[in-house]
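Okay, here's what each chain looks like letter by letter:
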Amino acid sequence: MDIRDQLPVLKENSPRLVLGHIMRAGSISRADIARQTGLHRSTITRIVSALLAEGFVEERGEGDIEFGRKPVMLELVADAVHILGIAIESNTVAGVVTNFKAQITDRMQVPLLDSRREAVMEQVYFVIDSLLNQVRARGFDVGGIGVAMHGIVNSDQGISVFAPAIEWRDEPLVTNIESKYNLPVSMDNNANAMALGEWWFGNGQAVENVLAVKVGSTIGSGIILGGRLFPGTDYSAGEIGHLTVLPGGPRCKCGNFGCLETVASTEAILRRGRDFIKQGEAEGLKAFAKGDPDLLSFEELCEATLAQEPTALRLWEEGAAHLGLALSYTINILNPAKVLIGGDIYPVLDYILPKVRETVEVQVFQPLKSHLRLEPLGLGKDSVTLGAATLLLQDIFELPKSNGWAMG
Ligand SMILES: [Zn+2]
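Conventions adopted
- Residues numbered from 1 in each chain as written.
- Predicted model: local features only at pLDDT ≥ 70, side-chain atom pairs only at ≥ 80, totals over all residues.
- Heavy atoms only, no water.
- Helix = DSSP H or I, 4+ residues; strand = E, 2+ residues; numbered from the N terminus.
- Rg over C-alpha atoms; globule rule 2.2 N^0.38 Å.
- Buried < 20%, exposed > 50% of the residue type's maximum accessible area, 1.4 Å probe, protein only.
- Contact = heavy atoms within 4.5 Å.
- Areas by Shrake-Rupley, 256 points an atom, 1.4 Å probe, with all protein chains shown as cover.
- Lys, Arg positive; Asp, Glu negative; His and termini not counted.
- Charge placed at Lys NZ, Arg CZ, Asp CG, Glu CD.
- Domains from an automatic or database assignment.
- Buried area = accessible area lost by both parts, 1.4 Å probe.
- Salt bridge = Lys/Arg side-chain N within 4 Å of Asp/Glu carboxyl O.
- Pairing = 2+ DSSP bridges.
- Right-handed = clockwise from strand over helix to strand, strands pointing away.
- Donors = N, O, S within 2.8 Å, 3.2 Å for Na, K, Ca; no water.
- Tetrahedral: all angles 85-135°; square planar, octahedral: opposite > 155°, others 65-115°.
- Arc of directions from axis to C-beta.
- Axes fitted to C-alpha atoms, helices over the stretch in contact; angles between N-to-C directions.
- Parallel < 35°, antiparallel > 145°, perpendicular 65-115°, else oblique.
- Left-handed = near helix turned anticlockwise from the far one by under 90°.

Before going further, it helps to spend a moment on the overall build of the protein chain. Along its length, the protein chain carries 14 helices and 16 strands. Whereas a compact globule of 408 residues would reach a radius of gyration of roughly 22 Å, the protein chain reaches 23 Å, a difference of no more than 12%. Out of the 408 residues belonging to the protein chain, those deemed buried represent 53%. Taking all contacts inside the protein chain whose residues are at least 6 apart in sequence as the whole, residues at least 24 apart take part in 61%. When the accessible area of the protein chain is evaluated, it comes to approximately 18,600 Å², of which 49% is carbon and sulfur surface. Here the protein chain carries 37 positive and 50 negative side-chain charges, and the mean point of each set is 3 Å from the other.

Attention now goes to unusual backbone geometry. One non-glycine residue with positive phi stands out, namely Ala 102, at about 60°. By the element assignment, Ala 102 lies in the loop between strand S5 (92-98) and strand S6 (104-111). One non-glycine residue, Gln 308, adopts positive backbone phi at about 60°. Position of Gln 308 among the secondary structure elements: in the loop between helix H11 (298-306) and helix H12 (310-334).

Moving on: the domain arrangement of the protein chain. Here the protein chain is partitioned into domain 1 (3-76), domain 2 (80-198 + 383-403) and domain 3 (206-378). In this assembly, 21 residues from domain 2 lie in contact with 17 residues from domain 3. Of the roughly 1,500 Å² buried between domain 2 and domain 3, counting both surfaces, carbon and sulfur atoms make up 58%. The largest per-residue losses of area from domain 2 upon contact with domain 3 belong to Asn 192, Met 194 and Glu 198, which jointly make up 34% of the total buried on that side. Our count for the contact surface shared by domain 2 and domain 3 stands at 1 salt bridge.

Summed over the entire model, instances satisfying the criterion amount to 19 salt bridges. Across the pair Lys 253 and Glu 267 runs a salt bridge whose closest N-O atoms are separated by 3.2 Å. In this pair, Lys 253 sits in the loop between strand S14 (228-229) and helix H8 (260-264) while Glu 267 sits in helix H9 (residues 266-278), placing the two residues 14 residues apart along the sequence. Arg 272 is paired through a salt bridge with Glu 318; the nearest N and O atoms lie 2.9 Å apart. Residue Arg 272 is found in helix H9, and its partner Glu 318 is found in helix H12; the two are separated by 46 residues along the sequence. Residue Glu 318 is classed as partly exposed on the basis of its relative accessible area, which comes to 26%. Linked by salt bridges that have partners in common, Glu 58, Arg 60, Glu 75 and Lys 101 make up one network.

This part covers the pairing of strand S15 (residues 338-342). Within a regular beta strand, the side chains point alternately toward one face of the sheet and then the other, so they alternate between its two faces. Summarising burial for S15: 5 of the 5 residues are buried, a large majority. Both faces of S15 are covered, namely the face carrying Lys 338, Leu 340 and Gly 342 and the face carrying Val 339 and Ile 341. Both S15 and strand S16 (residues 373-376) contribute to a ladder of 4 bridges, which runs parallel. In the sheet register, Ile 341 faces S16, and the bridge partner there is Pro 376. Taking the sense of rotation as the criterion, the β-α-β connection linking S15, helix H13 (residues 353-363) and S16 turns out right-handed.

Bridge count for strand S8 (residues 152-154) against strand S9 (residues 159-163) is 3 bridges, and the pairing is antiparallel. Paired with Val 153 across the strands is Ser 160, a residue of S9. Between the antiparallel neighbours S8 and S9 lie 4 residues, among them Gly 158 with a positive phi of about 70°. Note that S9 and strand S10 (residues 168-171) share 3 bridges and pair antiparallel. Pairing of Phe 162 across the sheet is with Arg 169, part of S10. Taken together, S9 and the strand that follows it, S10, pair antiparallel across an intervening segment of 4 residues, in which Glu 167 is found at a positive phi of about 55°.

For the rest of this paragraph, the subject is the coordination of the zinc ion. Angles between donor atoms at a metal ideally measure 109.5 degrees for a four-coordinate tetrahedral arrangement and either 90 or 180 degrees for a six-coordinate octahedral one. Donor atoms from the polypeptide that coordinate the zinc ion comprise His 242 (ND1), Cys 252 (SG), Cys 254 (SG) and Cys 259 (SG), at 2.0 to 2.3 Å from the metal. Viewed at the metal, the 4 donor atoms of the zinc ion are separated by angles of 105 to 121°, and the geometry they form is tetrahedral. For the zinc ion, the single-chain donor residues occur in sequence as H-x9-C-x1-C-x4-C. With a gap of 17 residues between them, His 242 in the loop between S14 and H8 and Cys 259 in the loop between S14 and H8 connect regions that are remote in the sequence. By relative accessible area, which is 0% here, Cys 259 ends up buried.

The next point concerns helix H6 (residues 173-181). Listing the buried residues of H6 in full gives Leu 173, Val 174, Ile 177, Glu 178 and Tyr 181. Looking straight down H6, one finds that the buried residues subtend no more than 125° of arc, so they occupy a single side. Buried positions along H6 lie against strand S4 (83-88), helix H5 (117-137), strand S7 (144-149), S10 and strand S11 (185-189). At the exit of H6 stands Asn 182, carrying a positive phi of roughly 55°.

Our next topic: the side chain of Glu 198. Within the element layout of this structure, Glu 198 appears in helix H7 (residues 190-201). Notably, Glu 198 is buried but unbridged: the nearest opposite-charge side chain belongs to Lys 338, and the N-O separation is 7.7 Å. Not counting the four nearest positions on each side in its chain, Glu 198 is found in contact with Asn 203, Gly 204, Gln 205, Leu 340, Leu 377, Gly 378, Leu 379, Gly 380 and Ser 383.

Moving on: the packing of H5 against H6. Remark: H5 packs on H6, axes separated minimally by 12 Å, with the N-to-C direction vectors making an angle of 45°. It follows from the interaxial angle that H5 and H6 lie oblique. Crossing of H5 over H6 shows right-handed handedness. Contacts from Arg 117, Met 121, Val 124, Tyr 125, Ile 128, Asp 129 and Leu 132 of H5 reach H6 at Leu 173, Asn 176, Ile 177, Lys 180 and Tyr 181.

This is how it looks when you write it as structure tokens:
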């Protein structure tokens, strides 16, 4: 199913082009759309009339005719379209509702306590049902559902190819959700969805080449090249978590040794913190553990970090040095203008970014540094869920994907 089939006026390219310009500008006149798109004014008038009639856009400002007329401005109607964005992570299912302006109107999150297939799907459906009910209770329909899934995702066929944390292989998730709800569903890998959300609505707007990095219990990234998501031949581009940063280091789940994930994921940092406590080397950090100090939680570690507890700061700094090294390799290859960092580490990013920047400054090849910016994700904690919704929103605002990357 395609969201454009649900909204007939969007089947043609030019209305989407016009909507895209209105969305990016926030508020724009017909004359400026004509200038920016190169379309004839009469064409713009015809398209805008159709979009007004369908309720996608509205006019603002009456245009003062007597005294130097101000043009009538066009804006998107926020309530015209509602999209669900669902993020299936290894231990949570989160969801948001976004309106046509990509503003979040509803949020929810449930833990994944049972990783068996039925239990996971039950939670996914619970989140979708709850959000659908909330939107419909306000009298609106939902246009579609975007899904950001961890692991390897065949985004063209809508298949979760491999999700190691819940042991899924070749799960036809898009077909399953589409047939249950009779709505268009689109799915991509969670880091890719995050990158896409940032490119359309976050800190990556109008930047041609962006690397968006997601650091949590695993580490991945989404790559935007030339304004397009770069999936790679096997939908596996951007697996920076498995770059070797410590040759001969700890064994990784992938079978190799010293992968970035083994030293810089939240799991790795937490494990190291617990080891310090066990060895009696971190009394300050131990004080933040409310339960068994051997089971210091991620939230407790964050609390200690925000309180600037020295061991906690040292743990992040060591992780950040490894992350900075892996990013340097990636930057040297991709030459992005922006590297956006987020994921579970978002709350403590202020304590991680300086060391990452310092390492990148030393390691990255000089000519690649002039335009390079390392920043937090613009969409913060909502980046993956809003990114999931963007999988559908982008179909409304852009031309067909046929001019995108050819798959190998
Ligand atoms: Zn690995």
